[in-house]
Amino acid sequence: DDTGLITLVTHLPEFKRLALIKRYYELFQRDVLADIRNDTSGDYQKALLACVRPPPAVWASTLKSAMKGLGTADSLLINFLCIAKDHMDEVREIFDKENSTPLYKWIEGECSGDYKRVLVALSLRSSADRVDMAPIYWAQRCADALYDVTTLKTLLTSLPAVVLRRAGDIYKAVYGDSLAEGIKKKCEEGRGFSFFTDYWKITMQRLLELPVGVRAIGLNDAMKGWGTDEFTLTALICTVPENMHKDVQEEYERRFGRKLVEHVESETSFNYKKLLVAATHTKVQSRCVALNAAMKGMGTDEKQLIRVIVCATMKERELIRQAYQEMFDKDLIEHVESETSGDFKGMLVALLESCEPEDAPDYEGDADVIIDSFAGSDADFETITRKLAAKTPSQLEELAAAYEAKAGESLKEKLAQESASFGESIFGNSDFKSLVQLLMQPPAERLASSVRYCIEGWGTDDTGLITCLVHLSERQRKELVETYTALFDRDIYEDIEGDTSGDYKQALLACVRPPPETYCKALRGAMKGLGTADNLLINWMCIAKDRIDEVREAFSVMFEGEDLASWIDGDCSGDYKDTLLRIASRECLKFPGVENGVTAQAPPTQEEAVKRFNRTFNDLCTQKRNKPDELLIIPERQQQELGCAFMYWASRSSVSPNLDMAGMWDMTNALSMPPADDGPDLRATFREWDFSGTGEVDWNDFVKEMTTRVNDEGHYNADPLPEK
């Protein structure tokens, strides 16, 4: 069916071509390329194969065709060497594999003179994106941009911030000034850019900032001077990616000489202040503050203790205990013991003490122990507590299944029945019962149930609601919205709007909405009404730059078909308008991790991911070996290059864009640095890498572990990793 075949194989991006070849073989144990060859012929066959093979393979074949036989098709040879220039490493590797003679040798045999030397240089070119490959090229590109407005706008709006920073570093090394200083000088020369608006100059300067810097500037702009721009403050703080919180705090203090938390506290009040302060802290810090507030003064907020401790992962509980001691000079367990009692206290303490999951739990045996503990007139909750507290959510599900198979009843329902106390019969509640009921739910249901409890009934538990909603990753936000509806047949946005008001309501909603929707509201707010808040518009366009495709789509949906570019076109003018329109129409590469500010797209193949990681890791080890007494901090560009491996396996994990345990095992084996086994040592290694304590290895965790490794003598003095 030629029409069907053509329809299916045309317009496949490279990663889908590779996936098609692989999946076709898995399903049918056949080679799709061989099947196409057998069923077609002539130019049609060649065209179909070119639609399925990876482009570098097609270019390698074309280059050979241009040189084989009598004479050389020079125009064809020139065109395809130029087309393949930025992928020459792959083309060369494929050409050498398919032919007995290397590509450059073929060219030497077919060409002569300067023509030959240029083509040989092209064929030997390193296409890896490394700044030490051709610093003069990068520097000259940036220098040219200072004399060409169009080039400048193209560079600043099309390239990710990390690439601009990399180019700027080289520019400074070659010319002595930073690119930002070069633009500033051009603006002050009385010619060139000087006749353009200040807002265009500000836009150019802002586009050279990394995302952390843009957020720090935006936060300060929202609070400096008279009055506070509450909506901007809300939108910025409530959309900071989880892996960027600490960086934003440090950058703010470095730039403005003031702690961000203290500035936010001085500019806000009441529940709105409480929410923004909690969101400004790191997740662990915010949990420590919440626990301390629940226990200090008269009375104890038992429900808050339950929410914070039960909804945390085992590693997070360990980190919370450490941070609590540092922040309040108190041992958290001792503080909890002094404020609670009975089985409730025992369960909280057991959870805080259980920092590592059991290795290979005996679910059948544990189920028998729990059944025995329920026997008699009084349940042995101390034994039950220890069995439950030592398990992860997935292990609790296994235990519940084993219990139900043996006892013929639900463990969750049995715990609810047995934990009903005398206090419950009088006062209508049991903290211990609430705790175990929440503990027996999957993590997404724990969070949704906690949020619903804070909203339902008379009054709103604002402290609990804030604790539940700050520091949610984008995946957790999506899960919360869906789980809340599934459990309670209600819309979480409507419930928040119905129970809260003002800036506090907007902040809660911004903690739950996808960030691109919040960016849309901020952008429209900067342009609507009389006049345009240009500084605000610039900041938000730069923050949204790498996700502008999502923002465009959300803008149209939220504002009934209105177009972001049309708003900009009507509110701005000149080169300032043109620059913002270029950002607004920018094409964005979509890959897991972009929502966390990651700019390293996962390579299409495992081989490329390993090669780029190994090459960069070896370079870093060489740097460390040359200066063994200095702590090596991995530069941003090399973080991104190492991260190619992380993103390759993270994009395939169950917790994408982060890495799960299975993904870590596959990655470390491929990178020749695996744990000793896929059991206890893998779990121990995963735990070591999980610096954030979320139960997933995120980008920051990966970078921190790589920093530890390149500074470890056992790594930098070891044999280099293979680069081929």
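All values derive from a computational prediction rather than experimental measurement.

**Student:** Outline helix α36 (residues 515-527), listing residues and values.
**Tutor:** In a regular helix each residue adds 1.5 Å, so 13 residues correspond to 18 Å; α36 covers 19 Å between its end C-alpha atoms and thus fits that length. Listing the buried residues of α36 in full gives Pro-515, Pro-516, Thr-518, Tyr-519, Cys-520, Ala-522, Leu-523, Ala-526 and Met-527. Looking one or two places after α36, you find Gly-529, whose phi comes out positive at around 80°.

**Student:** Explain the pattern of salt bridges residue by residue, including any values.
**Tutor:** Taken as a whole, this structure holds 42 salt bridges when the rule is applied. Among the ionic pairs, Arg-586 bridges to Asp-546, the shortest N-O distance being 3.3 Å. One end of the pair, Arg-586, is in the loop between α40 (574-584) and α41 (606-626); the other, Asp-546, is in the loop between α37 (534-544) and α38 (548-558), and 40 residues separate them in sequence. For Asp-546, a relative accessible area of 22% gives the class partly exposed.

**Student:** Provide a residue-level description of the environment of Cys-520, including the pertinent values.
**Tutor:** The topology assignment puts Cys-520 in helix α36. By relative accessible area, which is 0% here, Cys-520 ends up buried. The sequence separation of Cys-520 and Asp-461 amounts to 59 residues, and the corresponding C-alpha distance is 29 Å. The contact partners of Cys-520, leaving out residues within four places of it in the chain, are Val-551, Ala-554, Phe-555, Met-558 and Phe-559.

**Student:** I'd like a description of the nonpolar core, backed by residues and values.
**Tutor:** Nonpolar side chains tend toward joint burial in soluble globular proteins. One finds Leu-275, Val-451, Leu-469, Leu-537, Trp-540, Met-541 and Leu-564 to be the most contacted residues of the largest nonpolar core, which totals 91 residues. For this core, the element with the most residues is α37, which contributes eight residues. Excluding anything up to four places from it in sequence, Leu-469 contacts Val-451, Leu-480, Ile-496, Leu-508, Cys-511 and Val-512. Met-295, Phe-344, Leu-352 and Ala-402 belong to the second-largest nonpolar core, a separate cluster that totals 47 residues.

**Student:** So what's going on with the packing of helix α28 (residues 411-418) against helix α30 (residues 431-439)? Which residues, and what values?
**Tutor:** Each pair of packed helices gets described by two things: the angle between the helix axes and the distance between those axes. Contact geometry for α28 and α30: axes closest at 9 Å, N-to-C directions at 175°. Comparing their axes, α30 and α28 come out roughly antiparallel. Together, Lys-412, Leu-415 and Ala-416 of α28 and Lys-433, Val-436 and Gln-437 of α30 make up the contact between the two elements.

**Student:** So, the packing of aromatic side chains: which residues are in play, and what are the values?
**Tutor:** Considering all chains together, one arrives at 17 aromatic pairs under this definition. Their ring planes at 55° and their centres at 5.0 Å tell us that Tyr-252 and Phe-256 sit as a pair that is tilted. Here Phe-256 and Tyr-252 lie together in helix α17 (residues 245-256), a separation of four residues that amounts to about one turn. Here Tyr-252 falls in the buried class, since its relative accessible area comes to 0%. Phe-256 gets classed as partly exposed once you look at its relative accessible area, which sits at 31%. Their ring planes at 15° and their centres at 5.6 Å tell us that Phe-613 and Phe-617 sit as a pair that is stacked. Residue Phe-613 and its partner Phe-617 are located together in helix α41, separated by four residues, close to a single helical turn. Each member of the pair, Phe-613 as well as Phe-617, carries the same accessibility label: buried. The lysine or arginine in question, Lys-414, covers the ring of Phe-374, its NZ or CZ lying 5.3 Å from the ring centre.

**Student:** Residues and numbers for the side chain of Arg-612, please.
**Tutor:** The topology assignment puts Arg-612 in helix α41. Apart from residues lying up to four places away in sequence, Arg-612 is in contact with Pro-603, Glu-641 and Cys-644.

**Student:** Can you tell me about the side chain of Thr-500, naming the residues and giving the values?
**Tutor:** Position of Thr-500 relative to the elements: it lies in the loop between α34 (492-499) and α35 (502-512). Polar contacts involving the side chain of Thr-500 include one to the main-chain carbonyl oxygen of Ile-496, which spans 2.6 Å. Contacts of Thr-500, omitting those with residues within four sequence positions, involve Asp-462, Lys-505 and Leu-508.

Cut-offs and rules
- Residues numbered from 1 in each chain as written.
- Predicted model: local features only at pLDDT ≥ 70, side-chain atom pairs only at ≥ 80, totals over all residues.
- Heavy atoms only, no water.
- Helix = DSSP H or I, 4+ residues; strand = E, 2+ residues; numbered from the N terminus.
- Expected span 1.5 Å × (residues − 1).
- Buried < 20%, exposed > 50% of the residue type's maximum accessible area, 1.4 Å probe, protein only.
- Salt bridge = Lys/Arg side-chain N within 4 Å of Asp/Glu carboxyl O.
- Contact = heavy atoms within 4.5 Å.
- Core = buried A, V, L, I, M, F, W, Y, C linked by side-chain atoms within 4.5 Å.
- Axes fitted to C-alpha atoms, helices over the stretch in contact; angles between N-to-C directions.
- Parallel < 35°, antiparallel > 145°, perpendicular 65-115°, else oblique.
- Phe/Tyr/Trp six-rings, centres within 6.5 Å; stacked < 30°, edge-to-face > 60°.
- Lys NZ or Arg CZ within 6 Å of the ring centre and 35° of its normal.
- Polar contact = N/O pair within 3.5 Å; in protein donor to acceptor, adjacent residues only side chain to side chain.

Coordinates in, geometry out; function isn't part of it.
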